[in-house]
Amino acid sequence: MTEPLLEVDDIRLSFKGVRAIDGVSFHVDEGELFAIIGPNGAGKTSIFNTINQVYVPQEGDIRWRGESLMGKRPDHIATLGIARTFQNIELFPHMTVLDNLMLGRHTQMSAGWFAGGLWLGRAKKEELENRSKVEDIIDFLEIESWRKYPVALLPYGIQKRVELGRALAMEPKLLLLDEPVAGMNLEETEDMARFILDIREELGIAMLLVEHDMGLVMDIADRVMVLDFGQKIAEGPPAQVQRNPEVIKAYLGEDFGVVAAGDDETLEASATE
Ligand SMILES: Nc1ncnc2c1ncn2[C@@H]1O[C@H](COP(=O)(O)OP(=O)(O)O)[C@@H](O)[C@H]1O
Ligand SMILES: [Mg+2]
């Protein structure tokens, strides 16, 4: 068996006594679309923040291709091939789509070329390569018509797509998507789902997808982990997880899009007959 891309090994993270992550383990394979779902406050975003070491867990280990990420700097982790989008959009609103994507590219520029002496020639060549890569991403995400607009003027769904583009510009091996369809209407959600699937199929990039809502995840994920109060309560293929009694129990009363809600209706219908 090949080594997993990312391994999270029994991590624990507390904030002044509040247990945000309480002994969670999972792994993501090369090219896999792995989803983490759970209600607000379950610890989903905290897991992302421990992967890029914005938060350092008090216990446990996180390994990237077998090597521990613990104590490494977030910007260094990004250069290893782990890119992310945020629950709240973090773009430069007054800069154009093109410039925001070019910035994503620059975090990936080879460190140390400046010291190499030949920097002018190399800088020019790199800039051309960056530009061409960014144009490819613009085509891929179908945002050609927006490329010269300041991000602040774009519809919300397109802004989220630009944010995805900026993460792709880093040419990651693993993409962390934090609630990529939050606040989107149905059409925007379907578009985003299509792009996420295309990223896996056409670019072969593994993804760790965090979602509050189960609906999207059940359609597109290879495997799903369910978190509740910082603990893993289930993990497996979507069809299996959505039938798990513990999962159903955890989300009873939540509008969580569990397929089992259909079963409840059937039960109610037969009960009233
Ligand atoms: N920087 C922080 N300081 C204090 N508590 C935090 C911080 N970040 C997250 N938490 C707490 O950790 C828990 C998990 O939060 P979070 O990971 O944001 O959950 P989710 O993304 O699943 O909604 C919550 O109780 C939250 O209040
Ligand atoms: Mg969150």
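In case you missed it, the structure is sitting above this.
Residues numbered from 1 in each chain as written. Chains lettered and ligands numbered in written order. Predicted model: local features only at pLDDT ≥ 70, side-chain atom pairs only at ≥ 80, totals over all residues.

Q: Where do I start with the overall build of the chain in this structure?
A: Broken down by element type, the chain carries 10 helices and 10 strands. Each of the 273 residues in the chain was classed as buried or not, and the buried ones make up 34%. Residue pairs in contact within the chain that sit at least 24 positions apart in sequence constitute 67% of those at least 6 positions apart. (Helix = DSSP H or I, 4+ residues; strand = E, 2+ residues; numbered from the N terminus. Buried ≥ 20, exposed ≤ 12 C-beta atoms within 10 Å, placed from the backbone. Contact = placed C-beta atoms within 7 Å.)

Q: Help me understand the packing of helix α3 (residues 97–106) against helix α5 (residues 156–169) in this model?
A: Each packed pair of helices is defined by two parameters, the angle between the axes and the distance between the axes. Relative orientation of the contacting elements α3 and α5 amounts to 30°, with a least axis distance of 7 Å. Between α3 and α5, the angle falls in the class roughly parallel. You can see that α3 and α5 cross each other, and the crossing is right-handed. Between α3 and α5, the contacting residues are V97, N100, L101, L103, G104 and R105 on the first element and V162, G165, R166, A167 and A169 on the second. (Axes fitted to C-alpha atoms, helices over the stretch in contact; angles between N-to-C directions. Parallel < 35°, antiparallel > 145°, perpendicular 65-115°, else oblique. Left-handed = near helix turned anticlockwise from the far one by under 90°.)

Q: How should the nonpolar core be read in this particular structure?
A: Within soluble globular proteins, side chains that are nonpolar generally end up buried alongside one another. Among the nonpolar cores identified, the biggest contains 65 residues, and A35, L174, L175, M207, L209 and V217 are the most heavily contacted of them. When residues of this core are assigned to domains, at least three map to each of domain 1 (1–81 + 172–273) and domain 2 (93–171). Sequence-distant contacts of A35, defined by excluding residues within four places in its chain, comprise L209, E211, V217, A221 and V224. (Core = buried A, V, L, I, M, F, W, Y, C linked by C-beta atoms within 7 Å. Domains from an automatic or database assignment.)

Q: Sorry if this is basic, but what is going on with the sheet that holds strand β4 (residues 59–64) here?
A: Paired through backbone hydrogen bonds, the strands of a sheet run either parallel or antiparallel to each other. Spatially, four strands are ordered β2-β1-β4-β5 in an open sheet, and the strand pairing comes out antiparallel. Of all strands in the sheet, those with a lone pairing partner are β2 (18–28) and β5 (67–68), marking the two edges. Strand direction decides the pairing type here: strand β1 (residues 6–15) and β2, joined by eight bridges, are antiparallel. Residue F15 lies in a different strand from β2, and its bridge partner there is V18. Helix-sheet contacts for helix α1 (residues 44–51) involve β1, β2 and β4, and the interaxial angle to β2 is about 65°. (Pairing = 2+ DSSP bridges.)

Q: What should I look at first to understand the sheet that holds strand β7 (residues 174–178) in this one?
A: Across the sheet, which stays open at both edges, the six strands sit in the order β6-β7-β8-β3-β9-β10 with mixed pairing between neighbours. Looking at strand neighbours, the two that pair on one side only are β6 (82–85) and β10 (231–236), the edges of this open sheet. Direction aside, the axes of adjacent strands within the sheet are offset by 15° on average. Pairing between strand β3 (residues 33–37) and strand β8 (residues 206–211): five bridges, direction parallel. Considered in β8, the bridge of I36 is made with V210. Packed on one face of the sheet, α5 meets β6 and β7 and runs near 170° to β6.

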